[in-house]
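Residue strings, one per chain:
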Protein chains: 2
Amino acid sequence: MASDIDIARAAKLKPIQDIAARIGVPDDALIPYGRTKAKISGEFLKSLEHRPDGKLILVTAINPTPAGEGKTTTTVGLGDGLNRIGRKAVICLREPSLGPCFGMKGGAAGGGKAQVVPMEDINLHFTGDFHAITSAHNLLSALIENHIYWGNELEIDQRRVVWRRVMDMNDRALRQIVCSLGGVSNGFPREGGFDITVASEIMAILCLATDLTDLQQRLGDIIVAYRRDRTAVTARDLQADGAMTVLLKEAIQPNLVQTLENNPAFIHGGPFANIAHGCNSVMATRSALKLADYVVTEAGFGADLGAEKFFDIKCRKAGLHPDAAVIVATVRALKMNGGVAKEDLGAENVQAVKNGCVNLGRHIENIKQFGVPAIVAINHFTADTGAEVEAVKEFCAGLGVEAVLASHWAEGSEGTVELAEKVAVLAESGMAQFAPLYEDGLSLLGKIEAIAKRIYRADDVLADNSVRDQLRRWEADGFGHLPVCMAKTQYSFSTDPSRLGAPNGHSVPVREVRLSAGAGFVVAICGEIMTMPGLPRVPSANHIKLNDQGMIEGLF
Amino acid sequence: MASDIDIARAAKLKPIQDIAARIGVPDDALIPYGRTKAKISGEFLKSLEHRPDGKLILVTAINPTPAGEGKTTTTVGLGDGLNRIGRKAVICLREPSLGPCFGMKGGAAGGGKAQVVPMEDINLHFTGDFHAITSAHNLLSALIENHIYWGNELEIDQRRVVWRRVMDMNDRALRQIVCSLGGVSNGFPREGGFDITVASEIMAILCLATDLTDLQQRLGDIIVAYRRDRTAVTARDLQADGAMTVLLKEAIQPNLVQTLENNPAFIHGGPFANIAHGCNSVMATRSALKLADYVVTEAGFGADLGAEKFFDIKCRKAGLHPDAAVIVATVRALKMNGGVAKEDLGAENVQAVKNGCVNLGRHIENIKQFGVPAIVAINHFTADTGAEVEAVKEFCAGLGVEAVLASHWAEGSEGTVELAEKVAVLAESGMAQFAPLYEDGLSLLGKIEAIAKRIYRADDVLADNSVRDQLRRWEADGFGHLPVCMAKTQYSFSTDPSRLGAPNGHSVPVREVRLSAGAGFVVAICGEIMTMPGLPRVPSANHIKLNDQGMIEGLF
């Protein structure tokens, strides 16, 4: 089969106006960026508020393995499948980050015959949203430094500036720096550092904001530093929220593109799935629900992290009511969960598939806890044998859940007709009785325990006094009602990435807690979390170039 | 009179397709960014190469003072004036930098009734060119660090990494940093720092490149570091040039917008006018020359820096032949050059005007040295008296140059009809016999001396042995043919910003020289040059916000 990029280039893209018209977005509500990308005006989206919502379908997955699960690909394939069977469906995806493109080969716009296009644009500057977030973030950084420089009227404790800087680039040298060196005119030397832009709280804020007013409110709420008496200094105290909002006024508007099959796709926002909630923007999802009968969206990582945060943070905050969930699994990944090494995945191994299904089974049980009916999509790889696929179906049937083979990667929507039909039935069934896992009123530690015990199946949560005290202090300061955002490894239910399958008897150690007061959640960090990646020994940047036809090589 | 922003908002903008059609750019050659901004495709521009060039008119000025000269405003006003008298004219301007918008109030898109629009967009993210430059620049930084981290095969001397990082933000804390702290996995600690994006060599490169192939060649030529034996390591050695070109492939295409009077304006690129050449892109100027009969463009700062670099760097490198120059002066600024304090500018003072004309006179003489016929535009302020204006006209007449009063700020093109008519005559006169100030073959120090003595009228150039040795080493390495780019104060012909008028008897001390091997010039630094500005005590960011109508307040 041709490469992703060759397939993408062979696609006949329609003018974005035609795609918009399919979902009733008129020309004058479109802000074009080239011919095949556009933003949809916030004003137009506001005018839709009275409309009823379509059905919301979450695509999530088993724990990721190096074998690949294809969550984005399945989201695209399902969206195309729904359109193929005559349903008006829109896909909602996250925007990929530019920086990592230059490290490991590979974009983030689906693959095979289930892609969103124009994929080069989507993977690079796209419509500039991430650049705007970088600018707004670093403007706030500059305003903090500047405030201290000119007298520090707010009495910021320079040792307690918690707002770092961001760059959309993998640059390990910037993780930890000392800035303001060089003398009086450069400020007061202090430690600082950079995260990658997707780890910015502003990214999370943009993705949870419901409109510009809410955006500015949240930006103002960001805690940038503490005083010596531990009281918080916010972006609003620095009068930074207005200018930051101005920098983000285009970025908050959802981006419309299309799939290879010319179906509409919103690609908007891309927060980290560890220290943030890992879902595309509320603006995009809400808008899509007003414009389509079915909205297919995805959440980051496996269902233990992605789906939990989608339900407990995004849906809770935005008042969304998901109607169905699709859990993506592959025979290959289940085999790895069943103990097979990556190099042995080529050989049939039905027993390993059966063993690995415990991972899938636990995710199925977890989704049920949220009151959302689930279906399993087996993302088909050519080497999968019939017996292996059958083993997965049997396992799922035992849990009362259907598993459907989907071959969108090779066949496009032709390969997801059955999946689409069954998902549509499930979403229309009225079975969904969505509720978040825990109540707002539960203590912060109680929330962490609820997730650790009920989703991760840990025996207990380990947190030393400094963490417990911090959580209590935030409760006293009025942040106790916030949901928690768990930052742990995506490879295991536990905090040990090597424990595949369905581990038991583990503890969840909370090393550190952080308050994202603007985004509106408390981050519980359980294990090493890298917020500024590095580049590999041979970065893909070495091979990325324009060829003689002016087309990009080496990016995918 | 209404404020700039009110005037800009009251303007009736035409769809950018209509503006493009006026200069024969078809719809399918346009890449729209919203409805009133577009890039023009490189492919289309290539197809114009056989066409004859229009007339090229440079707008330059006397040395800037706090009183304001209005070079951009005059460029816009003259362009509108030429269109008003029936000539097909295009304006070429630089893109403003985003960072400084949040410091001092004020954008850079003209003023009064002589503006380019949409001014908010132009002053903020615009079409993302500066973000792309920032990304390409910092990708190279990350690749340098990464190369050293993974074994340093090229044997880069970590103390001699000359490639800093950039950000489009005024952040003094980043001027000087120590990076790669925090242990083994973050690299080798070393000194570094950030410049503002407009100071990036990539900005200069983008503005001098003639096409994508030339762009990649220049990017590859960038010297990023030296080895212990002082041999240079380039971006090409790091295999960074291809990926950087990919990041810049949209940014290299000129941006089309319009004036308040719906005339076409190219706004593209914005290199610093001290450590770089301070002109809009060669791509924009060349394209405009193919599409219009008259192209009005501006150069940074006063004519001693801006015009000299326009002629000696941009025109030399791009094979441009300017047909006329307009020197902008104001009665107010001449009075300041004549010794009047800013607070006393309101009162008539003909003698001070006469005294200050020595500054104008020297610029007139300098322009003549390049073989370009000049005319003086007196940018009218309401407080100017008839006698003051007459004094300027008389002074110019004595030098054989016409001075024309222009009131575009208050009246738009109605106020530049006379100027436009006279400029058109001058440009069509065939009087221009353009030649750069010095030959390529002159030594690098000889070039610095030529500019210092013939343009700045200094007695001599002071350079210690380390500077002289460095220049000789570059000559030995094959860089002797490059032009020099002078970095000195813009406020005086001398290197002392307080010496207004036409100082004599001064020396030009060259503190440091830098090689911009990709841009293709040697920078001679004469005095303090700030490449990362700071924010003022009360930054305009504090007052920038969206108002109830969703419009930006406080930016202008």
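Residues numbered from 1 in each chain as written. Chains lettered and ligands numbered in written order. Predicted model: local features only at pLDDT ≥ 70, side-chain atom pairs only at ≥ 80, totals over all residues. Heavy atoms only, no water.

The name given to chain A in an unreviewed UniProt entry is Formate--tetrahydrofolate ligase, with Roseibium aquae as the source organism. Quoted verbatim from the Pathway (unreviewed entry) heading of the UniProt record, the comment on chain A is "One-carbon metabolism; tetrahydrofolate interconversion." (UniProt positions renumbered as here; feature names shortened; annotations may be inferred.)

Caption draft 1: Representation of the overall build of chain A within the structure. Helix and strand counts for chain A stand at 19 helices and 26 strands. Over its C-alpha atoms chain A spans a radius of gyration of 23 Å, differing by no more than 12% from the 24 Å that the globule rule assigns to 556 residues. Projected onto the principal axes, the alpha-carbon positions of chain A cover approximately 70 × 55 × 50 Å. With 556 residues in all, chain A has 64% of them scored as buried. Within chain A, counting contacts between residues at least 6 apart in sequence, those at least 24 apart form 75% of the total. A total accessible area of about 18800 Å² is found for chain A, and carbon and sulfur atoms account for 48% of it. (Helix = DSSP H or I, 4+ residues; strand = E, 2+ residues; numbered from the N terminus. Rg over C-alpha atoms; globule rule 2.2 N^0.38 Å. Buried < 20%, exposed > 50% of the residue type's maximum accessible area, 1.4 Å probe, protein only. Contact = heavy atoms within 4.5 Å. Areas by Shrake-Rupley, 256 points an atom, 1.4 Å probe, with all protein chains shown as cover.)

Caption draft 2: Structural view of the UniProt feature "binding site: ATP" (unreviewed entry) in chain A. All names here are of chain A. UniProt's entry tags Thr65, Pro66, Ala67, Gly68, Glu69, Gly70, Lys71 and Thr72 with the feature "binding site: ATP" (unreviewed entry), counted in the numbering of this structure. Beyond its immediate stretch of four places on either side in the chain, Thr65 contacts Ala333, Met336 and Asn337. At a separation of 3.0 Å, a polar atom in the side chain of Thr65 contacts the side chain of Glu69. If you trace the backbone, Ala67 turns up in the loop between strand 3 (55-61) and helix 4 (71-84). (Polar contact = N/O pair within 3.5 Å; in protein donor to acceptor, adjacent residues only side chain to side chain.)

Caption draft 3: Broad picture of the sheet that holds strand 23 (residues 512-516) of chain B. All names here are of chain B. Ordered by their spatial adjacency, three strands build an open sheet running 21-24-23, and the pairing between neighbours is mixed. Two strands bound the open sheet, and with one partner strand each, they are strand 21 (484-487) and strand 23. Direction aside, neighbouring strands of the sheet carry axes that sit 25° apart on average. Bridge count for strand 23 against strand 24 (residues 521-525) is five bridges, and the pairing is antiparallel. (Pairing = 2+ DSSP bridges. Axes fitted to C-alpha atoms, helices over the stretch in contact; angles between N-to-C directions.)

Caption draft 4: Expanded view of empty space enclosed by the protein. Scanning all chains against the criterion turns up five cavities of 30 Å³ or more. In this structure, the largest cavity spans a volume of roughly 220 Å³. The wall of the largest cavity is formed by 16 residues, among which A:His131, A:Thr134, B:His131, B:Thr134 and B:Asn138 lie closest to the centre. When its residues are assigned to classes, the lining of the largest cavity shows six nonpolar, eight polar and two charged. (1 Å grid on protein atoms, 1.4 Å probe; cavity = no way out; pocket = protein on both sides within 12 Å on 5 of 7 lines; lining within 4 Å. Points joined across faces, edges and corners; volume = space filled by probe spheres on them. Nonpolar A, V, L, I, M, F, W, Y, C, P; charged D, E, K, R; others polar.)

Caption draft 5: Structural detail: the interface of chain A and chain B. Contacts between the two partners involve 64 residues from chain A, matched on the other side by 65 residues from chain B. Summed over both partners, the interface of chain A with chain B comes to about 5600 Å²; 63% of that surface belongs to carbon and sulfur atoms. For B:Asp171, the salt bridge goes to A:Arg165, with nearest N and O atoms at 2.9 Å. Where chain A meets chain B, there are 32 residue pairs in polar contact (both at pLDDT 80 or more). Going through the elements one at a time, strand 1 (30-32), helix 7 (129-149), strand 8 (165-167), strand 9 (177-179), helix 10 (241-247) and strand 25 (545-546) of chain A are the ones with two or more residues in the side of chain A that touches chain B. With ten residues, helix 7 of chain A is the single largest residue contributor to the side of chain A that touches chain B. (Buried area = accessible area lost by both parts, 1.4 Å probe. Salt bridge = Lys/Arg side-chain N within 4 Å of Asp/Glu carboxyl O.)

Caption draft 6: Main features of the pairing of strand 17 (residues 324-329) of chain B. Residue and element names in this part refer to chain B. For strand 17, a buried count of six out of six residues is recorded, marking the element as mostly surrounded by other parts of the structure. The side-chain alternation of strand 17 yields two buried faces, one formed by Ala324, Val326 and Val328 and the other by Ala325, Ile327 and Ala329. Two elements, strand 3 (residues 55-61) and strand 17, share five bridges in a ladder whose sense is parallel. Pairing of Ile57 across the sheet is with Ala324, part of strand 17. Pairing geometry for strand 17 and strand 18 (residues 374-379), over five bridges, is parallel. Within strand 18, the position partnered with Val326 by the bridge is Ile375.

Caption draft 7: Geometry of helix 8 (residues 201-208) of chain A. Residues and elements named next belong to chain A. The buried fraction of helix 8 amounts to eight of the eight residues, a majority that puts the element mostly inside the structure. Every buried residue of helix 8 is listed here: Glu201, Ile202, Met203, Ala204, Ile205, Leu206, Cys207 and Leu208. The opening residue of helix 8, the one whose side-chain oxygen lies 2.9 Å from the backbone nitrogen of Ile202, is Ser200.

Caption draft 8: The pattern of salt bridges, seen in detail. Across all of its chains, the model carries 50 salt bridges over all chains by this definition. One salt bridge in this structure joins A:Lys46 and A:Asp211, with 3.3 Å as the shortest N-O distance. With A:Lys46 in helix 3 (residues 42-46) and A:Asp211 in the loop between helix 8 and helix 9 (212-221), this pair connects stretches of sequence that are 165 residues apart. A:Lys46 gets classed as partly exposed once you look at its relative accessible area, which sits at 46%. On the basis of relative accessibility, which here comes to 21%, the residue A:Asp211 falls in the partly exposed class. It is possible to trace a salt-bridge network through shared partners that takes in A:Glu145, A:Arg165, A:Arg190 and B:Asp171.

Caption draft 9: Quick peek at the confidence of the model for chain A. Here chain A shows a mean pLDDT of 96. Residues at 70 or above account for 99%. Both scores are given for the predicted complex: the pTM is 0.97, the ipTM 0.96. (pLDDT = per-residue confidence, 0-100.)

Caption draft 10: Region of the structure containing the relation of the copies chain A and chain B. In screw terms, the move from chain A to chain B is a rotation of 180° and a rise of 0.0 Å along the axis, fitting with an RMSD of 0.0 Å. On this basis, the relationship between the two copies can be described by a two-fold rotation axis. Measuring from the rotation axis to each C-alpha of chain A, the shortest distance belongs to A:Tyr33, at 2.3 Å. Both copies contact each other with a shared surface, as 100% of the interface residues of chain A are interface residues in chain B too. (Least-squares fit on C-alpha atoms with pLDDT ≥ 70 in both.)

Caption draft 11: A look at helix 14 (residues 386-398) of chain B. Residues and elements named next belong to chain B. For helix 14, spanning 13 residues, the distance from its first C-alpha to its last is 18 Å, which sits close to the expected 18 Å at 1.5 Å a residue. Here helix 14 has its buried residues at Glu388, Val389, Ala391, Val392 and Cys396. Axial view of helix 14: buried residues confined to an arc of 155°, hence all on one face. Opposite the buried face of helix 14, by more than 90 degrees, sit the exposed residues Gly386, Glu394, Ala397 and Gly398. Elements in contact with the buried residues of helix 14: helix 12 (331-337), helix 13 (350-369), strand 18 and strand 19 (403-406). (Expected span 1.5 Å × (residues − 1). Arc of directions from axis to C-beta.)

Caption draft 12: Geometry of unusual backbone geometry. Going from A:Val117 to A:Pro118, the amide bond is cis rather than trans, its omega being 0°. Structurally, A:Pro118 is set in the loop between strand 6 (114-117) and helix 6 (119-123). A positive phi angle, near 70°, is found at B:Arg230, a position not held by glycine. Structurally, the position occupied by B:Arg230 is in the loop between strand 12 (223-227) and strand 13 (232-234). Note on B:Arg230: relative accessible area 47%, which makes it partly exposed. Phi is positive for B:Gln239, which is not a glycine, with a value near 55°. Locating B:Gln239 in the fold gives a position in the loop between strand 13 and helix 9 (241-248). B:Gln239 gets classed as partly exposed once you look at its relative accessible area, which sits at 37%.

Caption draft 13: View of the domain arrangement of chain A. Residue and element names in this part refer to chain A. If you check the domain split of chain A, you get domain 1 (4-127 + 251-428), domain 2 (130-245) and domain 3 (444-526). Here domain 1 and domain 3 have C-alpha centroids that lie 27 Å from each other. Between domain 1 and domain 3, the contact holds 26 residues from the first and 26 residues from the second. The tally of links between domain 1 and domain 3 comes to two salt bridges. Lys488 is paired through a salt bridge with Asp304; the nearest N and O atoms lie 2.7 Å apart. For the pair domain 1 and domain 3, the number of links is 13 residue pairs in polar contact (both at pLDDT 80 or more). At the level of elements, helix 12 (306-318), helix 13 (331-337) and helix 14 (350-369) are the ones that each hand at least two residues to the side of domain 1 that touches domain 3. The element contributing the most residues to the side of domain 1 that touches domain 3 is helix 14, with seven residues. (Domains from an automatic or database assignment.)

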